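Listed below, chain by chain, are the residues.
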Amino acid sequence: MQGSPRFFLAAALVALLGWPAVAAPPPPWQPSWFSPAQPVWGEGWVVPLGMSASLRDVTLRQSLRSSLGGERVRIVVSNEYGGAPLTLGPVALRQVGDGPARAVRFQGEDGTVVPAGARVVSDPLVLSVAAGERLEVDLHLPQPTATAGFHWDAQEQTLLLQGNAVGHGTAPVLQVLQTRAFVSGLWVDTGRAPATVVALGDSITDGNGSGIGTDQRWPDHLSRRLAQRGVAVLNAGIAGNRLLRGGWGDSALARLERDVLGHPGVRAVVVLIGTNDIGFPGSPFAPDEAPAALAELQAGLRQLVTQAHARGVRVMAGTLPPFERALEGTPLEGHHSPGKEAQRQALNAWIRQAGVFDAVVDFDAVLRDPAHPGRLAPALDSGDHLHPGDAGYRRMAEAIDLDALLGPSAEKVRP
């Protein structure tokens, strides 16, 4: 206790011996944008990688959207899943449509070396950024570099530029990509304690089927709603992700600590996972795999809640949207069957009724076709019958009750 004899003795020793007072640490930086890393796969996988597995003397120009505003920023560079150190050349950040690029430094230097499997955080850059503002990051790779810190479904155009084009307004474009690499995070200095919500899921959370470069994913819409309360939204969706097993990346349970609970200020997580646990077995993605048992999915979701609650994080679960006719007429058809539909319905009923979660958002009810409840409503379908389009993603975000998501102390979060 502050008034105890032990406290006064310690204070007297500090004064007598001249020990310096320990300054209070500054508030943690606010994570404002995030791209979760996943392993790079070889040519045998059912979908192409979408970029070269090795890069040399090129600049990657990548776009991102800041969830919240601040007066200083930091960039996170990832070499996660990289098997060798990453030699990083110059890095620069520009506000889209507003002035020249600004140099991003690491311990005062232009460039750095990122150890295999690690991430590095840049020095603070004084830059006034608004909530919802779009930024571009240039990153030069001077040496032969294996692609790492990789994210397949960026829903953005990444420009692969020739040579060191960092900060150049125009440069020869070698390739236009829709994948990400290396740049995995943006932190902002908001001047207050961080407050964060994470969206954890698969390609529906990643925004597959939404407009490229238009920020129309459901976490983008949720971010715009929560920015008014001073809460950032991080999109931790990975296409093909599953609750229990890996594939396109580590399972949701395996990456929960790194991609969700490890962020500063996490108040809540919105979980939408299980579509691929149900849909993959027997499809081209997992042709020889046995279906996941309903009890296994329930146990996995319970464990996710247990770990989140142990860290003081609320969990809102989303019901699984319908996916009848998913990927119909493509080489990837096989996601749906009557048995899989029955399992989806059973899992959704449990999510709604089990009382395991702090809150539930009924994405199934929001997105389904009233005339065909096993299908997405045509106006909300991207066209592949698995992923919503822009209108569907907007409806999903609108269905989330913000007070139920943030909990009883929600008012304390407001800026």
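Everything discussed here concerns the structure shown above.
## Side note on the overall build of the protein chain
Phase 1: Along the protein chain, the regular secondary structure elements total ten helices and 22 strands.
Phase 2: In summary, the protein chain has a C-alpha radius of gyration of 23 Å against a globular reference of 22 Å for 415 residues, a match within 12%.
Phase 3: Overall size of the protein chain, expressed as C-alpha extent along the three principal axes, is 75 × 60 × 35 Å.
Phase 4: For the protein chain, the proportion of its 415 residues judged to be buried stands at 53%.
Phase 5: Averaged over its 35 positive side-chain charges, the protein chain has a centre that lies 6 Å from the centre of its 40 negative ones.

## Some remarks on the pairing of strand S7 (residues 98-104)
Along any regular strand, the residues point their side chains to alternate faces of the sheet.
Phase 1: Pairing geometry for strand S6 (residues 91-95) and S7, over four bridges, is antiparallel. In the strand pairing of S7, Leu93 is matched with Arg102.
Phase 2: Between S6 and S7, which pair antiparallel and follow one another directly, the connecting turn spans two residues, one of which, Gly97, has a positive phi of 75°.

## A closer look at the sheet that holds strand S16 (residues 196-201)
Phase 1: The strand order across the open sheet formed by five strands is S17-S16-S18-S19-S20, and the pairing between neighbours is parallel. Here the strands that pair on one side only, and so sit at the sheet edges, are strand S17 (232-237) and strand S20 (359-361). Ignoring which end each strand starts from, the neighbouring axes of this sheet average 20° apart.
Phase 2: Bridge count for strand S18 (residues 266-272) against strand S19 (residues 314-318) is four bridges, and the pairing is parallel. Counterpart to Val270 in the pairing with S19 is Met316.

## Section: the nonpolar core
Phase 1: Grouped together as the largest cluster of nonpolar side chains are 103 residues, with contacts concentrated most on Val77, Phe182, Val197, Trp218 and Leu222.
Phase 2: When residues in this core are grouped by element, the largest group, six residues, is from S18.

## Observations regarding the environment of Val76
Phase 1: In this fold, Val76 is placed in strand S4 (residues 70-78).
Phase 2: By relative accessible area, Val76 is classed as buried at 5%.
Phase 3: If we skip the residues at most four places from it in the chain, Val76 touches Arg119, Val120, Val121, Phe182, Val183, Ser184, Gly185 and Trp187.

## Observations concerning the packing of helix H6 (residues 294-310) against helix H7 (residues 338-353)
When two helices pack together, you describe them by how their axes are tilted relative to each other and by the distance separating the axes.
Phase 1: Look at H6 against H7: their axes get within 10 Å of each other, and the N-to-C directions meet at 35°. Like other packed secondary-structure pairs, H6 and H7 cross with a definite hand, here right-handed. Contacts from Leu294, Leu297, Gln298, Leu301 and Arg302 of H6 reach H7 at Gln343, Ala346, Leu347 and Trp350.
Phase 2: When the residues that make up the contact of H6 with H7 are grouped by side-chain class, the tally is six nonpolar, two polar and one charged.

## Re the pairing of strand S10 (residues 125-129)
Phase 1: What you see with S10 is a clean split: Leu125, Leu127 and Val129 sit on the buried side and Val126 and Ser128 on the side with no burial.
Phase 2: By the bridge criterion, three bridges tie S4 to S10 in an arrangement that is antiparallel. For Gly70, the partnering residue across the bridge sits in S10 and is Val129.

About the thresholds
- Residues numbered from 1 in each chain as written.
- Predicted model: local features only at pLDDT ≥ 70, side-chain atom pairs only at ≥ 80, totals over all residues.
- Heavy atoms only, no water.
- Helix = DSSP H or I, 4+ residues; strand = E, 2+ residues; numbered from the N terminus.
- Rg over C-alpha atoms; globule rule 2.2 N^0.38 Å.
- Buried < 20%, exposed > 50% of the residue type's maximum accessible area, 1.4 Å probe, protein only.
- Lys, Arg positive; Asp, Glu negative; His and termini not counted.
- Charge placed at Lys NZ, Arg CZ, Asp CG, Glu CD.
- Pairing = 2+ DSSP bridges.
- Axes fitted to C-alpha atoms, helices over the stretch in contact; angles between N-to-C directions.
- Core = buried A, V, L, I, M, F, W, Y, C linked by side-chain atoms within 4.5 Å.
- Contact = heavy atoms within 4.5 Å.
- Left-handed = near helix turned anticlockwise from the far one by under 90°.
- Nonpolar A, V, L, I, M, F, W, Y, C, P; charged D, E, K, R; others polar.

Just geometry here; none of it tells us what the structure is for.
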